[in-house]
Amino acid sequence: MTALSQQTIDATRKNESQLLASWQANLDASGASRDSRINHAEFETQTRDFLRLLLAGTNNGDSANIAASEWSDVRAFLDGLSRSRALQGFDSHTTANFIFSLKRPLFELVHTQYASNPTELGSQLWAVTELLDALGMYTVRAFQKSREEVIARQQEELLELSTPVVKLWDGVLALPMIGTLDSQRTQVVMESLLQRIVETGAEIAIIDITGVPTVDTLVAQHLLKTVTAIRLMGADAIISGVRPQIAQTIVHLGLDLQGIVTKANLADALALALKRAGLTVTKAT
Amino acid sequence: MERIPILRMGDFLLVTIQVDMHDELAMTLQDDLSDRISKTSARGVLIDISALDMVDSFIGRMIGTISGLSRIMDAQTVVVGMQPAVAITLVELGLTLPGVITALNVERGMSLLRERVQSE
């Protein structure tokens, strides 16, 4: 590992403002700073802060090891930057480019400093490259992490959003299921439906599976569990929305849905529910 | 010793479980209830478990057993007020309690019992 020499660090410190100007010019040229999602002033503050932290880091610590505690400020800054970029919807390329576009101004600076000493020039260029690459990679990793957090949160929200329990009639609840049924979702669905049965005192719950793309043995088992739990609580369950393909799959798989009332569509299920409740629908004359 | 009270209401017996069930208590209840059914020749038993928020496989099986033995002694049994968490637990344990009649609350359970007894 090659470390930055004191001469390079001093030169960087002396030419800080010039470096900053040429870095910003570089970012401007690539169009990164003219994005509508981030304003120019904010961008300038970020470049200035980063350069200041970078200098502090090189001064105190070993440039070959950015995981050391001397670099914690720089790392914290990059964490924050990556997170805000991820939330603003930037891609990883643009985020990493923030660091990598500093390479050119730094290279030029090193070049002028060691114009007469090619050996030293080579080793210092290598040190600068290593440092910036490490910081760039760190940024990308942090960016990726924040993106994954965003995705995980969205998944959770989706899970809650996708299970509404609707009241169809007095004492009749319906649960339109949309999307694939896995164990976790079934659990959430089951809990919210049972809770609503307790709250409303509904005697009949209709589970509509029109929006469930496929039914395999596992899904059938989940459905059976839900229906059994509903029965244990003292209510009745009807499964509606069994499409022809799904009916075929169920028969071909040899699944046993005995004891479960199934209907082709929600209207039939509602008609049955009304009939059980002793209600009739008549046309007003 | 702690006991679960069994109340008589006309032709029916009323059991309300208000405390945490443990195995011994469950066994005592089973004995007491069969005794009372034979003494009073009750036609129906209503077991209210709305205050029960935790079950294990033993208690789950006990609910099934009580229901089964009262049916043999010619008393219809209705289990009412099962909490969602309890229902989910029983299903996950594989205890689907076939043959046990359930209702949402005591009121519905009572009317269900009357219907069933009348139709006999």
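Predicted model, so just to flag it, every value in this text is computed and none were measured.

## Remarks on the overall build of chain B
The number of helices and strands found in chain B is four helices and five strands. Counting from the amino terminus, helix and strand elements in chain B follow one another as β-β-α-β-α-β-α-β-α. In chain B, the proportion of contacts linking residues at least 24 apart, taken out of those at least 6 apart, comes to 80%.

## Points about the confidence of the model for chain B
Summing up the model confidence of chain B, the mean pLDDT is 89 and the portion of residues at 70 or higher is 99%. Interface confidence in the predicted complex, given as ipTM, is 0.83; pTM for the same model is 0.65.

## Remarks on the sheet that holds strand β1 (residues 166–169) of chain A
Residues and elements named next belong to chain A. Taken together, the five strands give an open sheet; going across it, the order is β1-β2-β3-β4-β5, and neighbouring strands pair in mixed fashion. Of all strands in the sheet, those bounded by a partner on one side alone are β1 and β5 (261–262). Contacting β1, β2 (172–178) and β3 (204–211), helix α8 (residues 183–200) crosses the sheet at an angle of about 165° to β2. Against the sheet, helix α9 (residues 217–233) touches β3 and β4 (236–240), its axis set at about 150° to β4.

## Concerning the packing of α8 of chain A against helix α3 (residues 84–92) of chain B
With their axes 9 Å apart at the nearest point, α8 of chain A and α3 of chain B run at an angle of 135° to one another. Considering the angle they form, α8 of chain A stands oblique to α3 of chain B. For the pair α8 of chain A and α3 of chain B, the sense of crossing is right-handed. Two secondary-structure elements touch here, α8 of chain A through Met-190, Glu-191, Leu-194, Gln-195 and Val-198 of chain A and α3 of chain B through Pro-84, Ala-87 and Ile-88 of chain B.

## Some thoughts on the sheet that holds strand β2 (residues 12–16) of chain B
Hydrogen bonds along the backbone pair up the strands of a sheet, which may run parallel or antiparallel. All names here are of chain B. Here five strands make up an open sheet; going across it, the order is β1-β2-β3-β4-β5 and the pairing mixed. With partners counted over all chains shown, the strands left at the sheet margins are β1 (6–9) and β5 (101–103), one partner each. Adjacent strand axes in the sheet meet at a mean angle of 25° when their direction is disregarded. The pairing of strand β4 (residues 76–80) with β5 spans three bridges and is classified as parallel. Residue pairing in the sheet places Val-80 in a bridge with Ala-103 of β5. Against the sheet, helix α4 (residues 106–119) makes contact with β2, β3 (44–48), β4 and β5, and its axis sits at roughly 165° relative to β4, the strand it touches most.

## Observations concerning the pairing of β2 of chain B
Residue and element names in this part refer to chain B. The sheet contact formed by β1 and β2 spans four bridges and is antiparallel. Following the sheet pairing, Leu-7 is matched in β2 by Leu-14. The hairpin turn running from β1 into β2, its antiparallel successor, is two residues long, and Gly-10 in that turn takes a positive phi close to 65°. The sheet contact formed by β2 and β3 spans five bridges and is parallel. Considered in β3, the bridge of Phe-12 is made with Gly-44. In terms of handedness, the path from β2 via helix α1 (residues 23–40) over to β3 forms a crossover that is right-handed.

## Quick notes on the interface of chain B and chain A
Listed per partner, the contact involves 14 residues of chain B and 15 residues of chain A. When residues of the side of chain B that touches chain A are traced back to their parent elements, those giving at least two are α3 and β5 of chain B. Top element by residues in the side of chain B that touches chain A is α3 of chain B. It accounts for five residues. Here the side of chain B that touches chain A is built from residues that sort into ten nonpolar, three polar and one charged.

## Quick notes on the nonpolar core
In this structure, Ala-205, Ile-206 and Met-233 of chain A together with Val-45 and Ala-87 of chain B are the most contacted members of the largest nonpolar core, which totals 66 residues. Among the elements that make up this core, the one with the highest residue count is α9 of chain A (seven residues). Judged by nonpolar contacts, the second largest core, of 25 residues, contains Ile-66, Ala-86, Ile-99 and Tyr-138 of chain A.

Conventions and cut-offs
- In this numbering scheme, every chain counts its residues from 1 along its sequence in written order.
- Numbering of ligands from 1 and lettering of chains from A proceed in the order in which they are written.
- Two thresholds apply to this predicted model, a pLDDT of at least 70 for residue-level local features and 80 or more for giving and counting side-chain atom pairs, whereas whole-chain, interface and lining totals are computed over all residues.
- Working definition: helices are DSSP H or I runs of at least four residues, strands are E runs of at least two. Numbering for both runs from the N terminus.
- By definition, residues are in contact whenever their C-beta atoms, placed on the basis of the backbone, come within 7 Å of each other.
- Known as pLDDT, the predictor's confidence for each residue is given on a scale from 0 to 100.
- Here a strand pair is declared whenever DSSP counts at least two bridges between the two strands.
- Between N-to-C directions, angles span 0 to 180 degrees; the directions come from axes that are lines fitted to C-alpha atoms, helices contributing only their stretch in contact.
- Angles are sorted into four bins: roughly parallel if under 35 degrees, roughly antiparallel if over 145, roughly perpendicular if 65 to 115, and oblique for all others.
- Rotating anticlockwise by less than a right angle from the far helix to the near helix defines a left-handed crossing, while the corresponding clockwise rotation defines a right-handed one.
- Handedness of a crossover: with both strands directed away from the viewer, a clockwise path from the first strand across the helix to the second marks it as right-handed.
- When residues are grouped by polarity, Ala, Val, Leu, Ile, Met, Phe, Trp, Tyr, Cys and Pro land in nonpolar, Asp, Glu, Lys and Arg in charged, and all others, Gly among them, in polar.
- Residues enter a nonpolar core if they are buried, belong to Ala, Val, Leu, Ile, Met, Phe, Trp, Tyr or Cys, and are joined to the set through C-beta atoms within 7 Å.
- Each residue is classed by its C-beta neighbour count within 10 Å, where at least 20 other C-beta atoms makes it buried, 12 or fewer makes it exposed, and intermediate counts make it partly exposed; the C-beta atoms are placed from backbone geometry.

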